[in-house]
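Okay, here's what each chain looks like letter by letter:
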Amino acid sequence: MDAGSEGDRLGTVEEAETPRSGGWRTLVVVAACALGTLVAGDLAIRQVSPLPPKLLEVVDGMRVLEREDPDVAVIGSSHTRSFVPIRDRAKEAGGRTLALVTVEWGTMGSYLWVLQNRVGPLLERSKNLRDVIMVTTFFDLCDTSTVGSRNNLPARAWLAEHFLADAALNGLTPFNRNYLQRRWNRWWTGSVLVQGRGYNRVLDDLSDVVKPKAADDVKARRQRAVSLMRDELDARHDTCFAKPEREAFEALLKWAQGLGLRITVIHFPLVPGAVSPEFRRTTLKRYSDWMREVATRYPLRYHEMAVGSPLTDDDFMNDMDHATLEGNEKFADWALAGDLGWLLTPPEGPRK
Amino acid sequence: MSLAEVDFLFFFPLAFGLYWLMPRKAAWQNATLLLLGYVFYYSWNPTLVWVIALATAVDFGVTRYLANHPVDGTEATRRRRRAALWVSVVYNVGQLCWFKYVGFFAASLNDLLGAVGLSPSLPVLRLALPIGLSYYTLQKLAYVLDVYHERYEACRSPLRFATFVAFFPQLIAGPITRGDQLLPQLEKPRRLDPDVLRAGAFIFLFGFTLKAYVGDWLGQNVADPVFNDPQSFTALGHWLGVLGYAGQVFGDFAGYSFMAIGVGRAFGIELPVNFDRPFVSKNLMELWRRWHITLNTWLFDYLYGPMTTSRGWWRGRLDLGFVVVFMVSGLWHGAAWGFVLWGLLHGLGLVVQRRWDVYYRGLCKQDRVWVKRRKTRWYATGGLVLTQLFFLVSLVPFRAVDGAATLSYLGGLFVGPGGQLPVVGAGIQALGNMALCFGFLVAYHLLGVGPFARWKERFFTLPAPVRGVAYGVVLVALGVLMPASSGAFVYAQF
């Protein structure tokens, strides 16, 4: 039997002695068994807590832009993913082809950065592209210091060169570290212990196995989430009309105007139970008024869908921000029957 | 970059591979370690790399000068040597004061003069603190003083000396290594030893668990909620908050020190122990021999000892020495009056303890029954409880944002203004996590004493596959339980 020596020097004075010999063989056996247990544990947990679904990211939209040269680019925050049924139906109907460029947790500044540094060259080269749809919410004008969305840019949109340039200038910062975190996560796409971290998901799922949540609990939890979202919306008036974000949006419009692109901006539906009269009268009104004012200066169509869509509270996920798959279908039915009906019409032909 | 953050997962394999691929010659290995140290340092603040480089050059120059002017009994040499020493002391302490304390003292002076009706306007500098400055400054100062007192020879190689200063595992948060501990190791080529590597991996995993799970969980879920909003919590909640903070600080700092030792071993370097089960201490002196050992031995060797054994006014003033040393320790931890108060409390605590010891020795001389009483379990338990209670209460000014918050929190320990308890009510998961975290701390302390120590020994005699599976289970548990934002390191700011 190989005597272990790992704990011989567990940092205590009286234990600071020379480790007993175990050699490479022991090291390899210990490491292999630890690794094997880790993998087995991960696989076992996956039976209870499945891997999260793969989400559309900036790079997926770029791939479509590159390969398919679509007619419409849809860019925006995570709500852009709700356009998947719209994209599919437009395609089935022989209408416009869409590329979905999702900048998770983005703001106007993030969209501008992505346009300038990632998708811009593809849009400039495109022969078919005539329209850009921006999927926004009032959050997109928030001061980034209060929503942390800027931090997501390195994770979702940066390349190694962007990271290296930033690290060379500023060292490793909480901001650019997000790039490394994302790279790390992408190396371990099959591991639920890596992918499930950050949302307490694995622990929640494991707890459910031991003690499943009662239906009442689930309902109460969703009601609490709606209430929390209402508080969040009501508290945002002071911070969600940031000048840098408005300037970024106007810079984005100028760039699109220069390319001869038409811009359609929508405010994605909010969970109805969270929208208070106060929020409508203040933050939402200011956002919509400003968009309409901007539309007088740029070739821009604005559709305010924040309230009035057929989506109900039940059509939103537990975060009370993103629509469920059924919610997305419902949204597609409604939007294509109304303001976005033009996506079902045949393409206008090459732009160039 | 710190040893607990995601960047280290990228850095370590590259550093490890590069280091062991180099020729097995001390110079090559040291050059690699130096490069890695500067990359590590650069990752914190690229614009301040010159600070460590210049400080290294100054102290290397001073110690070479001292080596070239050995003690020969003449007054001229003595003066030259003393002048060289002062160059180093003034440079190192000056640099520390400039970056860390100038703004604090200017602001304090402004406040003081403002309080007496004057309207001062001293500029308050807010400088970026070069990471690890407090640690490597003490390390270099100890080295210069040792060379000055000819305790060992000055290092001849600038490469080796620079590597000693910038050895990356200990760079940002210690352990504060002495010249005679690290320099001899850097003199010889190192070889990759599987047993040392295994011992290093174990202690790294142990430290990581302590830091990224125990410390971070207790900080985020127990200490922060209470300290951020004490008005909402009961008296028991206040006690839990400060207990959680003790766990957070210990987990954070001891965990990082263990990780540094583990990483050091991966590079064939043994770093000194920095924590040794402090929560079993039965008196304050023992506590400071077990908590941040390398800082406290530094303070006693290079400040308390010379001060109280000097020929001047300080000679024999042991009590005052305690107070001064711990106020310096408080200031070293941070430029804020809360830290100074914390240091003052511990200085006074040691004075009380010393006086008690003197008094008790008198009792023992009068009647031997007092000797027997001192050896009883009750006496030991009383000492343990008093010491730990004192330590916990002293953490309040260490953590609270200002004097008013300190007083309010201290009051809350007796009469809590609110009705809440931290974690309680957050569900079974949170309670389970809290029990696991505190359980881990208790187990670590118990496994070093008495019959429990044998359990630990028995574990390490288990077959290698069994131990490997046990480590795998710990890794899985960490993956499930570790808070998402683990990694930031509290003690780096000191």
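In this section: the overall build of chain A. Along chain A, the regular secondary structure elements total 14 helices and five strands. When its C-alpha atoms are laid out on the principal axes, chain A stretches across 80 × 50 × 45 Å. Within chain A, the fraction of its 352 residues that count as buried is 49%. In chain A, the share of contacts with a sequence separation of at least 24, taken over all contacts with a separation of at least 6, comes to 78%. On chain A, roughly 16700 Å² of surface is accessible, and the fraction owed to carbon and sulfur atoms is 56%. The distance from the centre of the 46 positive side-chain charges to the centre of the 48 negative ones in chain A is 4 Å.

A count of helices and strands for chain B gives 20 helices and zero strands. Its C-alpha radius of gyration of 24 Å places chain B within 12% of the 23 Å reference for a compact globule of 494 residues. Over its C-alpha atoms, taken along the principal directions, chain B stretches across nearly 65 × 65 × 60 Å. Expressed as a percentage of its 494 residues, the buried residues of chain B come to 54%. Counting every atom, chain B has about 21400 Å² of accessible surface; 68% of that belongs to carbon and sulfur. Considering chain B, the positive charge centre built from 43 side chains and the negative charge centre built from 26 side chains are found 7 Å apart.

Moving on, we get to the interface of chain B and chain A. Note: interface size is frequently given as the accessible area lost on complex formation between the parts. Residue-level contacts link 53 residues of chain B with 51 residues of chain A. When the two sides are added together, the surface that chain B and chain A hide from each other amounts to roughly 4400 Å², 65% of it contributed by carbon and sulfur. Area buried by chain B at its contact with chain A is led by Phe-10, Arg-198 and Gln-429 of chain B, which between them contribute 15% of it. Linking chain B with chain A are two salt bridges. At the junction of chain B and chain A, the tally comes to nine residue pairs in polar contact (both at pLDDT 80 or more). Contributions of two or more residues to the side of chain B that touches chain A are made by α1 (6-21), α2 (26-44), α9 (194-228), α10 (235-266), α18 (428-446), α19 (450-460) and α20 (464-481) of chain B. Looking at side-chain class alone, the side of chain B that touches chain A contains 35 nonpolar, eight polar and 10 charged residues.

Turning to the packing of aromatic side chains, a few remarks are in order. All names here are of chain B. By the definition in use, this model includes 72 aromatic pairs over all chains. Geometry around Trp-313 places Arg-317 over its ring, the cationic atom sitting 3.8 Å from the centre. Stacked on the ring of Tyr-360, the Lys or Arg Arg-374 has its end atom at 4.9 Å from the ring centre.

Attention now goes to the sheet that holds strand β4 (residues 262-267) of chain A. Residue and element names in this part refer to chain A. Spatially, β2-β1-β3-β4-β5 is the arrangement adopted by the five strands of the open sheet, whose pairing is parallel. Looking at strand neighbours, the two that pair on one side only are β2 (98-102) and β5 (300-304), the edges of this open sheet. Sheet twist, expressed as the average angle between the axes of neighbouring strands with direction ignored, equals 20°. Here five bridges tie strand β1 (residues 72-76) to β2, and the two strands are oriented parallel to one another. The residue of β2 that forms the bridge with Ile-75 is Val-101. Along the sheet, helix α4 (residues 108-125) contacts β1, β2 and β3 (131-136); its crossing angle with β1, the most-contacted strand, is approximately 150°.

Bringing the state of the cysteines into the picture now. Here a disulfide denotes a covalent bond joining the sulfur atom of one cysteine to the sulfur atom of another. All names here are of chain A. One pass over the full model with this rule turns up one disulfide over all chains. A sulfur-sulfur distance of 1.8 Å marks the disulfide that ties Cys-142 to Cys-240. Where Cys-142 bonds to Cys-240 through sulfur, the torsion about that S-S bond is close to 80°, and the disulfide is right-handed. Of the two residues, Cys-142 is situated in the loop between β3 and α5 (144-147) and Cys-240 in the loop between α11 (215-234) and α12 (243-259); the sequence distance between them amounts to 98 residues. When sorted by exposure, Cys-142 lands in the same class as Cys-240, which is buried.

On the surface, a nonpolar cluster with roughly 270 Å² of combined accessible area is contributed by Leu-35, Val-39 and Leu-43 of chain A. Inspection of the secondary structure assignment puts Val-39 of chain A in helix α1 (residues 23-48).

The subject of this paragraph is the packing of α1 of chain A against α9 of chain B. Running from amino to carboxyl end, α1 of chain A crosses α9 of chain B at an angle of 30°, the nearest separation of the two axes being 8 Å. Classed by the angle they form, the pair α1 of chain A and α9 of chain B counts as roughly parallel. On the side of α1 of chain A, the interface is formed by Gly-23, Trp-24, Thr-26, Leu-27 and Val-30 of chain A, while α9 of chain B contributes Pro-194, Asp-195, Leu-197 and Arg-198 of chain B. Residue classes in the contact of α1 of chain A with α9 of chain B are distributed as five nonpolar, two polar and two charged.

For a regular strand, side-chain orientation follows a simple rule: the groups alternate between the two sheet faces. Residue and element names in this part refer to chain A. Of all five residues making up β2, five are buried, and the element is well covered by its neighbours. A two-sided burial pattern is seen for β2, the buried positions comprising Leu-98, Leu-100 and Thr-102 on one face and Ala-99 and Val-101 on the other. Each parallel crossover has a hand, and the one from β1 via helix α3 (residues 84-92) to β2 is right-handed.

This part covers the pairing of β4 of chain A. Residues and elements named next belong to chain A. For β4, the tally of buried residues reaches five of six residues, placing the bulk of the element in the interior. In this structure, β3 lies alongside β4, joined through six bridges in parallel fashion. Looking at the pairing, Ile-133 lines up with Thr-264 of β4. In the sheet, β4 pairs with β5 via five bridges, with the strands oriented parallel. Following the sheet pairing, Thr-264 is matched in β5 by Arg-301. Handedness of the crossover is the feature at issue here: the chain leaves β4, passes through helix α13 (residues 277-295), returns alongside β5, and the resulting connection is right-handed.

The topology assignment puts Lys-140 of chain B in helix α5 (residues 133-148). Judged by relative accessible area, Lys-140 of chain B falls into the buried class, the value being 0%.

What follows is about helix α10 (residues 201-210) of chain A. Among the residues of α10 of chain A, Val-202, Leu-203 and Asp-205 of chain A are the ones counted as buried. One side of α10 of chain A carries all its buried residues, which in axial view fall inside an arc of 165°. Against the buried residues of α10 of chain A lie α1 and α9 (192-195) of chain A together with α18 and α20 of chain B.

Attention shifts here to the packing of α4 of chain A against α12 of chain A. Residues and elements named next belong to chain A. Interhelical geometry of α4 versus α12 gives an angle of 20° and a closest axis separation of 8 Å. Viewed along their axes, α4 and α12 adopt a mutual orientation that is roughly parallel. The way α4 lies across α12 gives a crossing that is left-handed. Where α4 approaches α12, its residues Met-108, Gly-109, Tyr-111, Leu-112, Leu-115, Gly-120, Leu-123 and Glu-124 are matched on the opposing element by Glu-245, Ala-248, Phe-249, Ala-251, Leu-252, Trp-255 and Leu-259. Of the residues belonging to the contact of α4 with α12, the class tally is 11 nonpolar, two polar and two charged.

Now for the nonpolar core. Of all hydrophobic cores here, the largest spans 227 residues; its most connected members are Phe-83, Ile-86, Val-114 and Phe-249 of chain A together with Phe-40 and Tyr-143 of chain B. When residues in this core are grouped by element, the largest group, 16 residues, is from α9 of chain B. When near neighbours in sequence (up to four residues on either side) are disregarded, Tyr-143 of chain B contacts Thr-63, Tyr-152, Ala-154, Cys-155, Phe-161, Phe-164, Gly-179 and Leu-183 of chain B.

Cut-off values and rules
- Residues numbered from 1 in each chain as written.
- Chains lettered and ligands numbered in written order.
- Predicted model: local features only at pLDDT ≥ 70, side-chain atom pairs only at ≥ 80, totals over all residues.
- Heavy atoms only, no water.
- Helix = DSSP H or I, 4+ residues; strand = E, 2+ residues; numbered from the N terminus.
- Buried < 20%, exposed > 50% of the residue type's maximum accessible area, 1.4 Å probe, protein only.
- Contact = heavy atoms within 4.5 Å.
- Areas by Shrake-Rupley, 256 points an atom, 1.4 Å probe, with all protein chains shown as cover.
- Lys, Arg positive; Asp, Glu negative; His and termini not counted.
- Charge placed at Lys NZ, Arg CZ, Asp CG, Glu CD.
- Rg over C-alpha atoms; globule rule 2.2 N^0.38 Å.
- Buried area = accessible area lost by both parts, 1.4 Å probe.
- Salt bridge = Lys/Arg side-chain N within 4 Å of Asp/Glu carboxyl O.
- Polar contact = N/O pair within 3.5 Å; in protein donor to acceptor, adjacent residues only side chain to side chain.
- Nonpolar A, V, L, I, M, F, W, Y, C, P; charged D, E, K, R; others polar.
- Phe/Tyr/Trp six-rings, centres within 6.5 Å; stacked < 30°, edge-to-face > 60°.
- Lys NZ or Arg CZ within 6 Å of the ring centre and 35° of its normal.
- Pairing = 2+ DSSP bridges.
- Axes fitted to C-alpha atoms, helices over the stretch in contact; angles between N-to-C directions.
- Disulfide = S-S within 2.5 Å.
- Patch = residues over 30% accessible without salt bridge, like charges linked within 9 Å, V, L, I, M, F, W, Y side chains within 5 Å.
- Parallel < 35°, antiparallel > 145°, perpendicular 65-115°, else oblique.
- Right-handed = clockwise from strand over helix to strand, strands pointing away.
- Arc of directions from axis to C-beta.
- Left-handed = near helix turned anticlockwise from the far one by under 90°.
- Core = buried A, V, L, I, M, F, W, Y, C linked by side-chain atoms within 4.5 Å.

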